[in-house]
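As a plain string of letters, each chain reads:
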2 protein chains.
Amino acid sequence: MKQQRMAVHKDLQYERNRCTFDPVEVTYFLDGSPEKTKQRRDREQYFSDVLALKEDMSMRYKSHKEVYEDSLRITRDVLSKIKKLQLSRMEEYEFVLSIFAARLGSALFQDGNPVVLHYAMFLPALMGQANSEQQAYWLNRAWAGDVIGTYAQTELGHGTFLRGLETTATYDPETKEFVLNSPTLTSYKWWPGGLGQTANHAIVVAQLYTQGECRGIHPFVVQLRDVETHKPLKDIIIGEIGRKLGMNTANNGFLGFRNFRIPRENMLMKNSKVLEDGTYVKSTNDKLTYGTMVFVRVMLLRDLQHYLSKAVTIAVRYSVVRRQGQLKLEQPELQIIDYVTQQYKIFPHIATCFAIHVTASWVLDMYYTVQSQLHQANYEKLPELHSLSCCLKAVVSADTAAGIEQLRLSCGGHGYMTVSNLPTLYGLATAVCTYEGENTVLLLQTARYLVKSWKQAMNGESLPESVEYLNEAAKGVKHRPWSNDLECLIDAYNAVAAGSIRLAAEHLDRRIRDGVPMEEAWNQTGTELAQCAEAHARVFMVKTFAKAVKQLNSKSEEFRQVMFQLCELYIVYWALRNVGNFLRFSSMQKEHVETLHSRLEYLLTTIRRNAVGIVDGFDFDDHILCSALGAYDGNVYERLFQEAMKSPLNREAMNISFEKYLKPFLKSNL
Amino acid sequence: MKQQRMAVHKDLQYERNRCTFDPVEVTYFLDGSPEKTKQRRDREQYFSDVLALKEDMSMRYKSHKEVYEDSLRITRDVLSKIKKLQLSRMEEYEFVLSIFAARLGSALFQDGNPVVLHYAMFLPALMGQANSEQQAYWLNRAWAGDVIGTYAQTELGHGTFLRGLETTATYDPETKEFVLNSPTLTSYKWWPGGLGQTANHAIVVAQLYTQGECRGIHPFVVQLRDVETHKPLKDIIIGEIGRKLGMNTANNGFLGFRNFRIPRENMLMKNSKVLEDGTYVKSTNDKLTYGTMVFVRVMLLRDLQHYLSKAVTIAVRYSVVRRQGQLKLEQPELQIIDYVTQQYKIFPHIATCFAIHVTASWVLDMYYTVQSQLHQANYEKLPELHSLSCCLKAVVSADTAAGIEQLRLSCGGHGYMTVSNLPTLYGLATAVCTYEGENTVLLLQTARYLVKSWKQAMNGESLPESVEYLNEAAKGVKHRPWSNDLECLIDAYNAVAAGSIRLAAEHLDRRIRDGVPMEEAWNQTGTELAQCAEAHARVFMVKTFAKAVKQLNSKSEEFRQVMFQLCELYIVYWALRNVGNFLRFSSMQKEHVETLHSRLEYLLTTIRRNAVGIVDGFDFDDHILCSALGAYDGNVYERLFQEAMKSPLNREAMNISFEKYLKPFLKSNL
């Protein structure tokens, strides 16, 4: 909405005045340094005109088609502004990705970006899987504006299980071409962003057939539309998949082939190759492409952190301004943030934002380490990194989606309104639960690593850092008696994860001993396996958070205190949410639950005072937060009203349908 | 979508062939009798032309305004068909309500009904709160088609806490009129369905002022628009509130008054009165109106049952047809319903549908009993009924919303598509968490009753049926040692609820003893109080379900078995979800958790065979299910494709925005 010059609501001002620390400490901590904060703010400021334009469009009242057209206009504006900066190719590429990432991107494009896959998948796939001639050719064409690409892997009938893909690319040595086909309805590509009406090229993942044999899935660059007219090429069946819960400007599309021919050179041949005569040369190393998937998942953690941070900023500010109910008759109505039940709904998610932040940073560092090791053919840390990236993506996306919903509900009916921005944030976050690997499938991938690690621990082998706790558990080290300090709680998290993994491994083994085939036994143990991967992700987040807070080098004692409180809240909250397993697997006894709950209540009250300061520190400009409930000045009701007036239904005194439908019907009853 | 004449998918047919019982048993059980099933089917069949028309409209691609206009056209069609039946007034009224209820109504109107409040709130308020002359006048006018009403209570700044409402109605004895005003922005009415552009009258709840004193909130009938032209009357500020997460055809509106005058006779005077000279006559009995609120909440349980039943039907059928992954290389991909993790996501919600059904029936019976007692001035059971209706509305709406989301996610990416109908069902269900009493507020209302009951039990007073378990707990009866039979589990549920209530009451007392004022102590104990109300709702549902299954008078042993399995699944599932409290408060020991989990796994496998049969028994016609993933014939991919083709973006080879925005930008880079 337009930047309104309204005074800050007195209740919000009061909170800001009594905050015990300087919110900019939070900002610097999250950005990494004051310099990076300045950089980010400049970058965000640079796009304020596009953000203002987008608000004027009131896209939420338009038709599906109009909204798509608006989104391309925004895309053009954003890309033009970037071009004006005259950066080098690599600088521009990185700049685009930083703009498209959730923090700013979900404000610019709001409900999905029709060209993001060109940058986030098409170009990286070329860089990672094309050989150098191919790279030169395609990257130059992309740079020249001839090519807008997307990445077409998922099919109507096939998602996470890649071996099941049905699209075929059959090599014809006569013409030195691949013939692409969609042999079934389920083989149609389905879901790629921008594929609908936006991209003119795609990297298509297809089953390669040559010399009569299937060689598994490989990537091909395929032109889909005429570069000049944008008309789909002959024998290409293409369109968009239709309306969705969210991401309605992502222009997700479908794609089918009818004997569509592409030159041999369009297969990306950095790894495997097909020679002119059709000879297949297998890749000697397919682990290098493995890293990209991990990288994408780590980037998703950052996106999720920003979705949740926005939602929690909205809920905190609204809860300060909103009043409801009285504790005493003569008093004014209570600010809803003063209800402990409300604090319980909101504050743990403030803590989660930081937990995600530090975890994502840790995993990103590990990713860079592993990447440099990979180039020296050192694959040692790859399984650990992969298993971490799987369970973290699953747990963080599930926590974020559930968190945003709880925050939305904490805003009562007004949270249900589109102008709260909470429904849109939810749509973006929950989508992450199924894309880039469905969450349960990912948890089970981590579980495989955990069960293997457990066996190694039982054999006395020493394990890498993230699963080191299994070594202790395997030795049968007795847990120290319960105390309420954080170290003891963290030990208990270790014990819960280890206990869950041990049980799942034992149940799996028992089934195999009973004669159940391995994969069927795995399936039968599925719920416990998924749960142990969740416990693993949780203990990892808890420990990373605790370590980061300890290492905090802020000079401000007040800020350090706030971070300690949030960390403790995270640890206590998730222990209570999962208290059954703490009673089962750690030294916690029944009577300790009450003490822990009191601790939770104490932390909520303590954080209460700084809640506004902390979310102010997330530093979301109103244009980026896009919420009538969450704006910095807290003028919630004025904004709700102004926004309602934008509905086209309110531009006329009465709608035609009364005259057309209702009145004739009503009168016919007389 | 159009009824496609396609063969039933072979995988679904296989499931139907091997079902152990006749699905119509489920149908008769839920409808009440074969006769009632026939009645309902006839009724649904009667509207099949309207349903088909609605599908043709493809409203999901249209603008907000177009969608509203479509919805009024549907409204006209539905009401016209009802008029043709030439029923008596009361018959017609009841018929309309049955059509508007969630099962059929959410298919006819899909995303909210712009006239439902006329029938569900406006007319009942007249019947309950108008005196006989007022009833005669207004009901006749409504019947004649002059009046389309809504019910305007909630304000921009005021929801569940009714005393906080700000709209004023000041009596002017000179003119014998009330003067309505909206003194602040927050006093604007906000949210009433149909208020935007549809209704021409409303029952407005306002603070009554007469003879210089505020007399609290009272209801007034207010004309808002001209009956002929539909133009808003002078000094009425009216419009719609804008786009929302869902219910976008409900036409929720806002309303403000500037010294708007209505005759004295427009105050509904069955209870309190204002005489001509301005004398206020207080109602001698305000408990009679209390029942309506309870009735609405019970009806919401039914609506929620139908939303969840639809979602679970979609997820089960899709999971049979969808294949993903292999257990063995040479085998075809597995039907996803065969993954235990998938069964775990879906089957508990099948059980929940029945749990809601039997609970709603029980509470409805109790409601009728209480209503007839009320007319004999017997208020004994009112507090129990009220407390049950509060916590059940809260728990069932939360379970249903979370359940639908889990079911949607169980359908992977395709569940995210609007044509799955899962996003719309979610939007409808989650709205119930905040309307008709925000869930946390309702849980705390129940908690008040529970804490009071606990004290009564401690004083040796005997309690009504639903809280009788507190009597045993207060006596300190030792729990019998754990065994895995259902009776023991149900006892454990009693113990969990009693234990939670006892603890919350003790903590509340401790705070009061420590000098915290009563209401502040209540707030500080809020999280535990809300949790104990949840535990109370759960044990009530568990016991009602178990009793209903035991009393099942079906002749078919197979059907009885299925119902027993579902009941056991419900009981085991929720015990495991909340296992910490079972370990704390019941005789369950750590080692029993594994046994219980094995029982869960066993039940999932057992129910697997009949899952399709059970959801077939919910008897949703494709037109009413409205889901490309859930249609009876299981031709999921064909439907997804056909539905995508309806997107207006797919009606043109290329969209204008390429030529307009993207191409000029791309070319400018050269």
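Calculation notes
Position numbers for residues start from 1 in each chain and track the written sequence from start to end. Just so you know, chain letters begin at A and ligand numbers begin at 1, following the order they were written in. A pLDDT threshold of at least 70 governs which residues receive local features in this predicted model, and a stricter bar of 80 or more applies before side-chain atom pairs are shown or counted, although totals over entire chains, interfaces and linings include all residues. Remark: hydrogens and water are excluded; side-chain values derive from all non-hydrogen atoms of the structure. UniProt positions are given in the numbering used here, feature names are shortened, and annotations may be inferred rather than shown by experiment. We count a stretch as a helix when DSSP gives it H or I for four or more residues in a row; a strand needs E for two or more, and each element gets its number in order from the N terminus. Here the globule rule reads 2.2 Å times residues to the power 0.38, and the radius of gyration is calculated from C-alpha atoms. Note on exposure labels: buried denotes an accessible area under 20% of the residue type's maximum, exposed denotes more than 50%, and partly exposed covers the range between, all computed with a 1.4 Å probe on protein chains only. Contacts between residues were defined by any pair of non-hydrogen atoms, one from each residue, lying within 4.5 Å. Domain start and stop positions are those given by an automatic or database domain assignment. Each of two parts loses accessible area, computed with a 1.4 Å probe, when they are put together; buried area is these two losses added. Salt bridges are defined by distance alone: a side-chain nitrogen of Lys or Arg within 4 Å of a carboxyl oxygen of Asp or Glu. Contacts described as polar in this section are N or O atom pairs within 3.5 Å, which, within protein, must combine one atom able to donate a hydrogen with one able to accept it, while residues neighboring in sequence count only if both atoms come from side chains. For every residue, the pLDDT score states the predictor's confidence, bounded by 0 at the bottom and 100 at the top. Three categories are distinguished: nonpolar for Ala, Val, Leu, Ile, Met, Phe, Trp, Tyr, Cys and Pro, charged for Asp, Glu, Lys and Arg, and polar for the others, with Gly belonging to the last.

- In the annotation of an unreviewed UniProt entry, chain A is listed under the name Acyl-coenzyme A oxidase and assigned to Bombus bifarius.
- You can read under Sequence similarities (unreviewed entry) in the UniProt record for chain A the words "Belongs to the acyl-CoA oxidase family."

## A few points about the overall build of chain A
Argument step 1. Each helix and strand in chain A was counted, giving 25 helices and 11 strands.
Argument step 2. Here the C-alpha radius of gyration of chain A, 27 Å, is about what a compact globule of 670 residues would show, namely 26 Å.
Argument step 3. Its C-alpha atoms put chain A at 90 × 80 × 65 Å along the principal axes.
Argument step 4. A buried classification covers 64% of the 670 residues belonging to chain A.

## A short note on unusual backbone geometry
All names here are of chain A.
Argument step 1. Located in the positive-phi region is Lys176, a residue other than glycine, with phi close to 55 degrees.
Argument step 2. Its place among the elements puts Lys176 in the loop between β2 (168-172) and β3 (177-181).
Argument step 3. The class for Lys176 is partly exposed, based on a relative accessible area of 35%.

## Re the UniProt feature "domain: Acyl-CoA oxidase C-terminal" (unreviewed entry) in chain A
Argument step 1. UniProt annotation of "domain: Acyl-CoA oxidase C-terminal" (unreviewed entry) refers to residues 485-667 of chain A when read in the numbering used here.
Argument step 2. Along residues 485-667 of chain A one finds 76% helix and 0% strand; the C-alpha atoms at either end are 74 Å apart.

## A look at the UniProt feature "active site" (unreviewed entry) in chain A
Residues and elements named next belong to chain A.
Argument step 1. This chain's UniProt record puts "active site" (unreviewed entry) on Glu436.
Argument step 2. Tracing the chain through its elements places Glu436 in the loop between α13 (422-431) and α14 (439-458).
Argument step 3. Overall, Glu436 belongs to the partly exposed group, its relative accessible area being 29%.
Argument step 4. Setting aside residues up to four positions removed in sequence, Glu436 forms contacts with Met121, Val296, Arg297, Leu300, Lys393 and Leu442.

## Brief notes about the domain arrangement of chain A
Interface size is commonly expressed as the accessible area that is lost once the parts come together.
Residue and element names in this part refer to chain A.
Argument step 1. Looking at the assigned domains, one finds that chain A contains domain 1 (26-110) and domain 2 (116-283).
Argument step 2. One C-alpha centre belongs to domain 1, the other to domain 2, and the line joining them spans 28 Å.
Argument step 3. Contacts between domain 1 and domain 2 engage 15 residues on the former and 17 residues on the latter.
Argument step 4. Counting each side, the surface lost to burial between domain 1 and domain 2 is near 1400 Å², with a carbon and sulfur contribution of 63%.
Argument step 5. For the pair domain 1 and domain 2, the number of links is zero salt bridges.
Argument step 6. For the interface between domain 1 and domain 2, the tally reads five residue pairs in polar contact (both at pLDDT 80 or more).

## Details of the confidence of the model for chain A
Argument step 1. Summarising the model, chain A shows a mean pLDDT of 94, and 98% of its residues fall at 70 or more.
Argument step 2. The ipTM, which scores confidence in the relative placement of chains, is 0.97 for this predicted complex, and the corresponding pTM is 0.97.

## Quick word on the side chain of Glu528 of chain B
Argument step 1. For Glu528 of chain B, the position within the fold is in helix α18 (residues 526-550).
Argument step 2. Side-chain polar atoms of Glu528 of chain B contact the side chain of His507 of chain B, separated by 2.7 Å.
Argument step 3. When sequence neighbours within four positions are dropped, the list of residues in contact with Glu528 of chain B reads His597 and Glu601 of chain A together with Ala504 and His507 of chain B.

## Here we look at the interface of chain B and chain A
Argument step 1. Listed per partner, the contact involves 132 residues of chain B and 133 residues of chain A.
Argument step 2. Summing both partners gives a buried area of about 12000 Å² for chain B against chain A, and 62% of it is carried by carbon and sulfur.
Argument step 3. For chain B, the biggest contributors to the area lost against chain A are Arg243, Tyr416 and Tyr661 of chain B; these three give 7% of the whole.
Argument step 4. The tally of links from chain B across to chain A stands at eight salt bridges.
Argument step 5. The salt bridge involving Glu601 of chain A is made with Arg511 of chain B; its shortest N-O contact spans 2.9 Å.
Argument step 6. Connecting chain B to chain A are 63 residue pairs in polar contact (both at pLDDT 80 or more).
Argument step 7. Examining the composition of the side of chain B that touches chain A, we find that 11 residues originate from one element, helix α25 (residues 656-668) of chain B, more than from any other.
Argument step 8. Here the residues of the side of chain B that touches chain A sort into 52 nonpolar, 43 polar and 37 charged.

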